Amino acid sequence: MDCVVTLDAGTGSGRCVVFDAAGGPLASAQEPFHYQRFTNPDVPFVRGFDLDPRAFWGALARCARTALAALPPGARIRGVIATSQREGCVFLDAADEVLYAGPNLDARAFAEGMEIEQQIGAERLHHITGHAPPYIFPVARYAWYRKHHDGARVARLFMLNDWITYRLSGVAVAEPSNAGESMLYDVTRREWSAEILETLDIPPGILPAVRPAGTCVGSVTARAAAETGIPAGTPVFVGGADTESALLGSGVYEPGATGAVLGTTSPVQTVIDHPLIDPRGNLWTSCHVVPDRWVLESNAGDTGGAYRWLLELVYGATDASAYAAAEAAIAGASPGERQIFCHLGPVIFNLADMSPFKPAGMLFRFPLLHVDRPIRGEVLRAYLESIAFAIRGNCEQIAAVAGRPIPLLAMSGGMTQSPTLVRLVADTLGVPVSVAGVPESASLGCAMLAAVGAGAYPSLAEAVGAMSRTRRIEPTAAGTSYADERYRKWRDLYEQLRSWTL
């Protein structure tokens, strides 16, 4: 049995999933990541996050050993490939010691990001990189490191997935989808931006050579084999950013196809066949993991993360039983007119409004403490509705810039395991939704890339056709009519809340 090993370093956890040639998960293991948080007394609203590189790599290595130990007899590993959260990065010195490691949450370089905007100009930065503003991106974190430490010691700058590839193979490479998340990359030319590097006096030599996702760059070293249990000599393939990998894993790679990855956050991306920069500067443009493809992105922000907070508040837990209890409570809620509107996390992407202070709350029917006060199922449903409403708002933004409607939305990610949310999204959008059969769609997308690289399939289209599984949910006329009215009211309240400032 041929199989591919995938390593996925997400924001909340690391995992290893081993897939067979048909895209079926053979074995998996997962561990949470833990970050050290801190604040700058001079800027108390900005939080910093340190990533412990030894603990980070150790968690991934343990996941690999656990998953490989569960493989059926006779399984033959054809390759290993890594994906990771976007914006996370690592700086190494000449001896490969880690000087800095931070996840995508790290905002310590907020001030340096503002300085970079002044040096290059916000519009110019967005035009080159397709991204803005630079506060949490590696371009700002490198400026921060150079300001507070000896910048001359930085010999390599890696995005997290590329650092994992380096740990596995000893070969330094980058790939377009996550290189673009550094804001050092020219998204149109698909190369490191000479203009940004020159303006900011960043030595080009610290950036790895760019290779297409799915390229075989080497093999697992003896040291990596001892750490992970992956056999030495196993081919190592270049992986991509988790969002674009998840798009591929759910079959979204042709121009015009649109996908939403419902995880801790919920990016929404449409595939395009040419680099298109939003003239209003409100959407991101990135490279897909597929050659000659780009994506336009809007983002619903904190969705799964806020839901975990809500479940902790309601049930005191965020394990599988809490999610199951929430679905049961929603199913048992009154089917009559709903009186609650929720604003606790999901947003409509707006790069011009990056204030760290956001109003949040719920709108209840008065009086709140009346005998017919809402039960927990009503509250939880209102929150899931807010995710569906935010996804619709972000889809509308993308459709306006792309100049075409979205006839179907492909959904993947952990939150698609909620049947309530899947149904709400279909009815709210009024179009069919296609739900990925494998929740770990980022891992599956990378497995497709590696399967093609290993020769299991002659083309990516054939790999997608053979390895992806989806189910289709059609909207209902009654549900769409009801959701339209609710969306209008939610959107009105959303605009009012945006006007609140400190």
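Look a little higher up for the structure.
All of these numbers come straight from a predicted model, not from anything done at the bench. (Residues numbered from 1 in each chain as written. Predicted model: local features only at pLDDT ≥ 70, side-chain atom pairs only at ≥ 80, totals over all residues. Heavy atoms only, no water.)

**A word on the packing of helix 12 (residues 376-402) against helix 16 (residues 477-498)**
Keep this limit in mind: Helix axes are fitted only over the stretch in contact, all axes being lines through C-alpha atoms; the angle between N-to-C directions runs from 0 to 180 degrees. Runs of E in the DSSP output that reach at least two residues are strands. Runs of H or I that reach at least four are helices, and both are numbered from the N terminus. Here roughly perpendicular refers to angles of 65 to 115 degrees, roughly parallel to angles under 35, roughly antiparallel to angles over 145, and oblique to all remaining angles. Contacts were defined at the residue level, with two residues in contact if any of their heavy atoms lie within 4.5 Å.
Between helix 12 and helix 16, whose axes approach to 10 Å, the crossing angle comes to 80°. In terms of orientation, helix 12 and helix 16 fall into the roughly perpendicular class. Contact residues: Glu385, Ser386, Phe389, Ala390, Arg392, Gly393 and Glu396 in helix 12; Tyr482, Ala483, Asp484, Arg486, Tyr487, Trp490 and Arg491 in helix 16.

**Remarks on the environment of Pro204**
Using the following cut-off: For the exposure calls, accessible area comes from a 1.4 Å probe over protein chains only, and a residue counts as buried if that area is under 20% of its type's maximum, exposed if over 50%, partly exposed in between.
Its location among the elements puts Pro204 in the loop between helix 7 (194-199) and strand 13 (209-210). Since its relative accessible area comes to 55%, Pro204 is described here as exposed.

**Here we look at the pattern of salt bridges**
Quick note on the threshold: A pair is scored as a salt bridge if a Lys or Arg side-chain nitrogen falls within 4 Å of a carboxyl oxygen belonging to Asp or Glu.
Under the definition given, this model contains 29 salt bridges. A salt bridge links Arg86 to Glu297, with the nearest nitrogen and oxygen atoms 2.6 Å apart. Of this pair, Arg86 sits in the loop between strand 6 (76-84) and strand 7 (89-92) while Glu297 sits in strand 19 (residues 294-302), and the two are 211 residues apart along the sequence. Where Arg189 meets Asp186, a salt bridge forms, and the shortest distance between an N and an O atom there is 3.6 Å. A relative accessible area of 60% means that Arg189 is categorised as exposed. The buried category is assigned to Asp186, whose relative accessible area is 12%.

**Section: the packing of helix 10 (residues 304-315) against helix 11 (residues 320-331)**
Heads up, the rule is: For this classification, Asp, Glu, Lys and Arg are treated as charged, while Ala, Val, Leu, Ile, Met, Phe, Trp, Tyr, Cys and Pro are nonpolar and the rest, including Gly, are polar.
Running from N to C, helix 10 and helix 11 point in directions that differ by 80°, and their axes come no closer than 10 Å. Judged by the inter-axis angle, helix 10 sits roughly perpendicular to helix 11. From helix 10, Tyr307, Arg308, Leu311 and Tyr315 reach across to helix 11, where they touch Ala322, Tyr323, Ala325, Ala326, Ala329 and Ile330. In terms of residue class, the contact of helix 10 with helix 11 is built from 9 nonpolar, no polar and 1 charged.

**A look at unusual backbone geometry**
Along the chain, Ala132 connects to Pro133 via a cis peptide bond; the corresponding omega equals -20°. Within the secondary structure, Pro133 is located in the loop between helix 3 (122-129) and helix 4 (138-148). A positive phi angle, close to 75°, is found at Glu87, a residue other than glycine. One can find Glu87 in the loop between strand 6 and strand 7. The backbone of Arg190 sits at a positive phi, close to 55°, despite the residue not being glycine. Note on placement: Arg190 falls in the loop between strand 11 (185-186) and strand 12 (191-192).

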